[in-house]
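So you can see what is in the structure, the chains are spelled out below.
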Amino acid sequence: MPELPEVETARRDLNRLLKGKRIQKVRLLHPALLRNATTEEFRESLEGKRILGTGRRGKYLFLLLEGGAALAVHFKMTGRFFLFKQENDLPRHTHLVMALEGKTYLCYSDIRKFGRIYLLKGGEEKEPDEIRLLGLDPLGEEFTLEAFRDLTGSGKEIKSLLLEQHLIAGIGNIYASEILWRAGIRPERPASSLSGDEIARLFRAIPEILKTAVASGGSTLRDRTYLRVDGTPGSYQRFHKVYYRTGLPCPVCGETIEKSLVAKRSSFFCPRCQK
DNA sequence: CGCAGTGTTTTTGC
DNA sequence: AGCAAAAACACTGC
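Read on for a plain summary of the structure. Quantities reported herein were computed from a predicted structural model and do not represent experimental measurements.

With that settled, consider the overall build of chain A. For chain A, the helix and strand inventory stands at 7 helices and 10 strands. Since a compact globule built from 275 residues should have a radius of gyration of about 19 Å, the 20 Å found for chain A is in line with a globular shape. Contacts spanning at least 24 positions in sequence make up 62% of the contacts within chain A whose residues lie at least 6 apart. When the accessible surface of chain A is totalled, it reaches about 12700 Å², and 49% of it is carbon and sulfur. Mean positive and mean negative side-chain charge positions of chain A (46 and 34 charges, respectively) differ by 5 Å.

This is the structure in structure tokens:
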């Protein structure tokens, strides 16, 4: 459940389902998930506290707690939250269980265990570097054409640049391909080679694609690792134009979609629409 | 110092 | 059987 649209969908789902609920008991089954605190400290900070709301920056999801502390979660490749109605017989790969009022259990599962959870104590406490150094959030008001243009001066391949979380926070491999298709730009183009018009098209394509994906609840791929909090799939995969569509026709021009490697990661593009 | 490239976490499914 | 998969950090060498 990794990219911005999936994290934002989880944030909205959890906000609706958890707001005002009190955490009664915490069970951390896989302590390595928690990166910056002891299991004891984590339990003591959470147990008895209400969840006041949720937040998001890039691909980080925040659960805001009564008293000023917060939980920051990064799902990496396969992390996700779901609600469960019983304490036992938890599904495989469940690594954290938070008992809420009303015999509801907020569970975190993560097949590959790449995900990370941080305890943010609030107040004067400094955020971990990986959160503090995040770049512009493409759905935030700080994401302006001027700010975006300032990031695009280097000779790096534009797709790699879109994936750099310390520049722009939230775009991952699926949406980078979709955004570049929408903007009509090849993924391997050096950022510094883009014209003013191309920069402007790319700037507009980023929130357009991401917002549409959020409205569809994110992308659930074949393996169904990403599911919403209630277990239902997202539907933006139906609207993918190039991602994982090698050999299929471009929906606009009919040309065959190609796959290439950019910085060792699969990239999908239309050789006719993207210059 | 920046940048590119490699290796690392781990499990699953094609 | 081998490899690739939504991520991103640590590390090397130039």
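Read across the sheet, 4 strands follow the order β1-β6-β7-β5 without closing on themselves; strand pairing throughout is antiparallel. A single partner strand is all that each edge strand has here, and the edge strands are β1 (23–28) and β5 (79–84). Taking the axes of each pair of neighbouring strands and ignoring which way they run, one obtains an average angle of 20° across the sheet. Taken strand by strand, helix α1 (residues 4–18) contacts β5, β6 (94–100) and β7 (104–110), and its axis lies near 25° from that of β5. Its contacts with the sheet put helix α2 (residues 39–46) on β1 and β6, and the angle it makes with β1 is roughly 165°.

We now examine the packing of α1 against helix α7 (residues 196–215). At their nearest, the axes of α1 and α7 sit 9 Å apart, and the two run at 40° to each other. Judged by the angle between their axes, α1 and α7 are oblique. Here α1 and α7 pass one another in a crossing that is right-handed. Residues Leu-4, Pro-5, Glu-8, Thr-9 and Arg-12 of α1 form the contact with α7, whose own contacting residues are Leu-210, Ala-213 and Val-214. Split into classes, the residues belonging to the contact of α1 with α7 amount to 5 nonpolar, 1 polar and 2 charged.

Criteria and thresholds
Residues numbered from 1 in each chain as written. Chains lettered and ligands numbered in written order. Predicted model: local features only at pLDDT ≥ 70, side-chain atom pairs only at ≥ 80, totals over all residues. Heavy atoms only, no water. Helix = DSSP H or I, 4+ residues; strand = E, 2+ residues; numbered from the N terminus. Rg over C-alpha atoms; globule rule 2.2 N^0.38 Å. Contact = heavy atoms within 4.5 Å. Areas by Shrake-Rupley, 256 points an atom, 1.4 Å probe, with all protein chains shown as cover. Lys, Arg positive; Asp, Glu negative; His and termini not counted. Charge placed at Lys NZ, Arg CZ, Asp CG, Glu CD. Pairing = 2+ DSSP bridges. Axes fitted to C-alpha atoms, helices over the stretch in contact; angles between N-to-C directions. Parallel < 35°, antiparallel > 145°, perpendicular 65-115°, else oblique. Left-handed = near helix turned anticlockwise from the far one by under 90°. Nonpolar A, V, L, I, M, F, W, Y, C, P; charged D, E, K, R; others polar.

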